[in-house]
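A closer look at the structure
Below are the chains, spelled out letter by letter.
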Amino acid sequence: MGFMLPSPINPREHARALMSQKENIEAELDAQFSILKVNNVDMTTPLVDREGFPRADVDVYAIRHARRRINELRNDYKAVMNEIETALQAVYDPSTVGSLPAASEEVAQHTSLTDSPESLLAFARVDGVAPSSPAAEAGLRREDLILKFGSLVRSSFTANSLQPLADLVSVNENREIQVIISRSEETMSLKLTPRKGWGGRGMLGCHIVPHES
């Protein structure tokens, strides 16, 4: 069974509820994977011996239940991640509400065909890039100006806060995000995949600061 969410009062509360749901799913996934770890098995380890009988050295029932639940949770996780991205779009760019299909990764992350890079304004600047980081692998360089980050454009931000960008990165771990930048008056599109465990801090490995044209 999937998780049920209460009807939200507004887009921001809806996004917060979804983020809470994401954390609950992650916590249960950890708990289910711990069952596999205790039994020294993974999702594909055989549970029968060479003669075809259930193994006596592991808790076969608990492992099968955990595997089944993990598969259910993975589906729930994928669905809630798509909903979060659409919800964040509604929070930071309300004008697009109704134009985005629910759970549409491609529409939410990639540049619309109607967007003209020449019409985009820079809202952030790359102030530093760590070697071997996701940002470095994507081709980002210091002093690059960010025109669009996934579905985010300059109008998605208020004051000097880049919180919408941080929120988008947090829900797109191991998922490709299209980034349009300006470098030496040349506009280009890069593909950035946030991820942990690359050897440094954060999921991007770069320092991004607000930019005022």
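Residues numbered from 1 in each chain as written. Predicted model: local features only at pLDDT ≥ 70, side-chain atom pairs only at ≥ 80, totals over all residues. Heavy atoms only, no water.

Comments concerning the pattern of salt bridges
Here the structure, examined in full by the defined rule, presents 10 salt bridges. Between E143 and R142 there is a salt bridge, with its nearest N and O atoms 3.1 Å apart. Take E143: its relative accessible area is 40%, and that puts it in the partly exposed class. R142 sits in the exposed class, given a relative accessible area of 53%. Between D144 and R183 there is a salt bridge whose closest N-O contact spans 2.8 Å. Of the two residues, D144 is situated in the loop between helix 4 (134–138) and strand 2 (145–149) and R183 in strand 3 (residues 177–183); the sequence distance between them amounts to 39 residues. We note that D144, like R183, is buried. Through salt bridges with shared partners, a single ionic network connects R125, D127, R142 and E143. (Salt bridge = Lys/Arg side-chain N within 4 Å of Asp/Glu carboxyl O. Buried < 20%, exposed > 50% of the residue type's maximum accessible area, 1.4 Å probe, protein only. Helix = DSSP H or I, 4+ residues; strand = E, 2+ residues; numbered from the N terminus.)

Let's talk about the confidence of the model for the chain
On average, the chain scores 83 in pLDDT, and the residues at 70 or more come to 82%. Ranking the elements of the chain by mean pLDDT puts helix 3 (residues 105–109) last, at 40, and helix 4 first, at 96. Across residues 96–114, confidence stays below pLDDT 50; counting only partners more than four residues off in sequence or on other chains, it has 30 contacts. (pLDDT = per-residue confidence, 0-100. Contact = heavy atoms within 4.5 Å.)

Some thoughts on the sheet that holds strand 1 (residues 124–129)
Spatially, 5 strands are ordered 4-3-2-1-5 in an open sheet, and the strand pairing comes out antiparallel. Edge positions in the sheet fall to strand 4 (186–192) and strand 5 (206–210), since each of these pairs with one other strand and no more. Between one strand and the next, the sheet's axes are offset by a mean angle of 40 degrees, whatever the strand orientation. Judged from the 2 bridges that link them, strand 1 and strand 2 form a sheet pairing that is antiparallel. Considered in strand 2, the bridge of R125 is made with L145. (Pairing = 2+ DSSP bridges. Axes fitted to C-alpha atoms, helices over the stretch in contact; angles between N-to-C directions.)

Description of the pairing of strand 4
Successive residues of a regular strand alternate their side chains across the two faces of the sheet. The pairing of strand 3 with strand 4 spans 7 bridges and is antiparallel. When the bridges of strand 4 are listed, I180 appears paired with S189. Taking the residues that link successive antiparallel strands as the turn, the strand 3-strand 4 hairpin has 2 residues, and the phi of S184 there is positive, at about 50 degrees.

A word on the nonpolar core
Residues F123, I146, F149 and L165 are the most contacted members of the largest nonpolar core, which totals 23 residues. Sorting the residues of this core by element identifies strand 1, helix 4, strand 2, helix 5 (163–170), strand 3 and strand 4 as the ones contributing at least two each. Not counting the four nearest positions on each side in its chain, L165 is found in contact with F123, F149, L152, F157 and I208. Of all hydrophobic cores here, the second largest spans 20 residues; its members include L18, L47, V58 and L88. (Core = buried A, V, L, I, M, F, W, Y, C linked by side-chain atoms within 4.5 Å.)

Some thoughts on the UniProt feature "coiled-coil region" (unreviewed entry) in the chain
Those places that UniProt annotates as "coiled-coil region" (unreviewed entry) correspond, in this numbering, to residues 63–90. Secondary structure over residues 63–90 splits into 100% helix and 0% strand, and the C-alpha atoms at its two ends are 40 Å apart. (UniProt positions renumbered as here; feature names shortened; annotations may be inferred.)

Here we look at unusual backbone geometry
The backbone phi angle of S184 is positive, close to 50 degrees, even though this residue is not glycine. Looking at where S184 falls in the secondary structure, it is placed in the loop between strand 3 and strand 4. Since its relative accessible area comes to 73%, S184 is described here as exposed. Even without being a glycine, E185 presents a positive backbone phi close to 70 degrees.

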